[in-house]
Amino acid sequence: MLDPNLFRNDLDSVIRGLASRGFEFDRETYQKLDSERRRVIQEAEVLKAERNRVSDEVAKLKRAKESADHLITQQRDMGDRLKNLETAEKAAEAAFKDFLSTIPNVPHESVPVGQDEHGNVEMKRWGAPAVIEQPKDHVELGTKLGILDLDRAAKMSGARFSVLKGMGAKLERALINFMADRQSAAGWAEVMTPYMVLPHSVYGVGQLPKFEQDLFKTMRGEDTLYLISTAEVPVTNLYREEILAEDQLPLRHCAFTPCFRSEAGSYGKDTKGIIRQHQFHKVELVAFTTPEQALAEHEHLTACAEAILEALELPYRRVLLCTGDMGFSSRKTYDLEVWLPSQKTYREISSCSWFGDFQARRANIRFRPKDGKPQFLHTLNGSGLAVGRTWVAVVENGQQPDGSIRIPKVLVPYVGAESIG
RNA sequence: GGAGAGAUGGCCGAGCGGUUGAAGGCGCCUGACUCGAAAUCAGGUUAUGGGGUGACUCAUACGGGGGUUCGAAUCCCUCUCUCUCCGCCA
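Residues numbered from 1 in each chain as written. Chains lettered and ligands numbered in written order. Predicted model: local features only at pLDDT ≥ 70, side-chain atom pairs only at ≥ 80, totals over all residues. Heavy atoms only, no water.

Caption draft 1: How the structure looks around the side chain of Arg276. Examined against the element boundaries, Arg276 turns out to sit in the loop between β9 (251–260) and β10 (279–289). A polar contact is formed between the side chain of Arg276 and the side chain of Asp270, at a distance of 2.9 Å. Apart from the residues lying within four places of it in its own chain, the contact partners of Arg276 are Arg160, Glu263, Ser266, Lys269, Asp270, Arg347 and Arg389. (Helix = DSSP H or I, 4+ residues; strand = E, 2+ residues; numbered from the N terminus. Polar contact = N/O pair within 3.5 Å; in protein donor to acceptor, adjacent residues only side chain to side chain. Contact = heavy atoms within 4.5 Å.)

Caption draft 2: Summary view of the nonpolar core. In this structure, Leu171, Leu175, Met179, Leu309, Trp391 and Leu411 are the most contacted members of the largest nonpolar core, which totals 46 residues. The set of elements that each furnish at least two residues to this core consists of α7 (167–185), β9, β10, α10 (294–311), β12 (332–340), β13 (345–354), β16 (378–386) and α12 (387–397). Residue contributions to this core peak at seven residues, all from α10. Listed in part, the 25 residues of the second largest apolar core include Leu18, Phe25, Leu33 and Phe96. (Core = buried A, V, L, I, M, F, W, Y, C linked by side-chain atoms within 4.5 Å. Buried < 20%, exposed > 50% of the residue type's maximum accessible area, 1.4 Å probe, protein only.)

Caption draft 3: Here's a closer look at the packing of aromatic side chains. If you walk through the whole model with that rule in mind, you get 12 aromatic pairs. Aromatic side chains Phe7 and Tyr30 sit 5.1 Å apart centroid to centroid with 35° between the ring planes, which places their arrangement in the tilted category. Within this pair, whereas Phe7 is found in helix α1 (residues 4–20), its partner Tyr30 is found in helix α2 (residues 27–63), the two being separated by 23 residues in sequence. For the pair Phe7 and Tyr30, a shared accessibility class is recorded, and that class is buried. (Phe/Tyr/Trp six-rings, centres within 6.5 Å; stacked < 30°, edge-to-face > 60°.)

Caption draft 4: Representation of the protein's contact with RNA strand B in the model. Near RNA strand B you find 24 residues, and of these Arg38, Arg51, Arg63, Arg76 and Lys90 are the closest. Taking the atoms of RNA strand B that fall within 4 Å of the protein, sugar and phosphate contribute 73% of them. In the environment of RNA strand B, a phosphate oxygen lies 3.3 Å from a nitrogen or oxygen atom belonging to the side chain of Arg37. The side chain of Ser55 places a nitrogen or oxygen atom 3.2 Å from a sugar or linking oxygen of RNA strand B. Going through the elements one at a time, α2, α4 (78–101) and β14 (366–368) are the ones with two or more residues in the surface near RNA strand B. The leading source of residues in the surface near RNA strand B is α2, at 14 residues. Tallied by class, residues from the surface near RNA strand B come to six nonpolar, four polar and 14 charged. (Near = heavy atom within 4 Å. Nonpolar A, V, L, I, M, F, W, Y, C, P; charged D, E, K, R; others polar.)

Caption draft 5: Quick peek at the sheet that holds strand β4 (residues 189–191). Across the sheet, eight strands lie side by side as β1-β11-β12-β13-β16-β10-β9-β4; this open sheet has mixed pairing. Of all the strands in the sheet, just β1 (121–126) and β4 have a single pairing partner and so form its edges. Going from strand to strand, the sheet's axes swing by 25° on average, the running direction of each strand aside. Alignment of β10 against β16, held across seven bridges, turns out to be antiparallel. Paired with Lys282 across the two strands is Ala386, which belongs to β16. (Pairing = 2+ DSSP bridges. Axes fitted to C-alpha atoms, helices over the stretch in contact; angles between N-to-C directions.)

Caption draft 6: Structural detail: the packing of α7 against α12. Interaxial distance between α7 and α12 falls to 10 Å at its minimum, and their mutual angle equals 115°. As for how α7 packs across α12, the hand of that crossing is right-handed. Contacts between α7 and α12 pair Gly168, Leu171, Glu172, Leu175, Ile176 and Met179 from the former with Val387, Gly388, Thr390, Trp391, Val394 and Val395 from the latter. Across the contact of α7 with α12, the residue classes tally to eight nonpolar, three polar and one charged. (Left-handed = near helix turned anticlockwise from the far one by under 90°.)

Shown next, in the form of structure tokens:
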């Protein structure tokens with residue numbers, strides 16, 4: 001959520017920023033809701049002040065053992081009048097908040113303006129894609145080696161699920177352990193979290209109320225729990241409603257979790273293979289910082305994700321997303337894209353975002369500066385990395401003419417073999 | 001699943017219808033003492049929202065929601081969570 005003061009102090013620049021990402025800010029509705037809210041608050045507070053004054057009078061009289069009956073009679077209907085006003089106040093506050101919570105974050109000034117992915121800017125490339133004659137894709141390679149079984153996955157769960165077998169399952173586990181080991185060694189304190197969360201946690205990171213259709217929802221009686229779409233959700237919410245000390249920042253966590261996404265609206269996209277699944281594994285990096293630390297932390301976090309790709313000898317590039325291609329909550333996002341020989345292109349394998357205080361405001365996460373009042377901190381996160389897509393990249397980039405897969409050196413101790421097949 | 005206890009400020013912990021935004025302690029800040037530090041002493045130290053250029057002022061908040069009352073941290077209902085004991089269980 002954006003800071004209401006931003007609207008009050010610098011409405012025009014906010015509107016311009018939002019427009020750059022293709023969001024049209026409804027100025028009229030905003031002003032109507034804001035003035036209504038303030039009107040009701042003031043009305044209620046005048047009445048409450050009056051009630052408090054009279055109650056004090058009553059207290060004084062009673063202590064002096066005098067009669068206060070005339071005041072009490074006079075105040076009889078105060079309760080009802082106030083109750084009505086309080087209801088109106090709550091409604092006005094809620095309407096205002098609902099309006100604000102559907103407004104996306106304002107892009108940072110360093111973000112290029114653009115409508116969609118064509119406006120993204122490539123920042124760097126690392127590694128030269130190997131020359132492979134007639135490269136096979138991971139489905140063909142995996143199926144032949146008996147390490148991937150999509151047909152049987154479909155039998156039990158339908159489309160967009162997979163079964164990994166033998167060395168395929170072991171490779172998945174190896175990647176998870178390698179990534180979690182590396183990131184925790186790099187200073188990202190590991191956490192294991194719930195995979196089901198309450199609605200307010202999803203709201204806190206900005207995926208509710210607008211993106212419910214992307215999530216799996218479960219019911220327990222009347223209560224809703226969502227399956228997490230990313231570890232960002234539980235890890236960011238670790239400190240909801242808390243005030244952290246400034247010297248705790250930057251606070252860095254990594255978390256391995258499965259991720260669940262309904263992929264509504266992506267019918268026909270990446271239907272082949274395990275690039276886009278309803279369930280996949282990810283090692284996520286999440287950072288909490290002061291506003292001053294945030295931009296440097298964004299670079300650091302991205303570098304930590306890149307380090308995994310480099311250790312795995314996977315060619316990749318870093319892309320700075322333009323205003324029109326960024327997620328709802330983000331101020332600035334780098335995507336890391338890995339080379340896939342079968343597609344002869346780079347595909348997203350990590351997304352590293354800085355959210356400013358947008359999520360912190362929604363989840364009410366603050367820090368106490370050395371001298372001064374508590375203020376909202378900044379949050380950042382990025383994949384380090386998406387495990388399923390890394391599995392694909394290792395298999396496709398490591399493929400040999402005989403159909404076997406060469407395992408990257410750093411992974412050999414984890415896999416227990418130098419090649420598969 | 002059964003029985004009971006509890007939830008108060010950054011932390012611990014009193015209060016159980018009206019001078020309590022909240023005793024006392026810890027922590028933290030300022031000052032005194034000191035060459036400096038520790039100890040000691042004195043003072044200060046919640047957050048959010050409204051109004052005001054400002055000093056300031058008003059409102060709200062004692063797990064969440066609802067109720068009783070002129071007035072609720074205090075009484076009633078309800079939900080959530082935590083703890084103890086019993087049962088069941090990976």
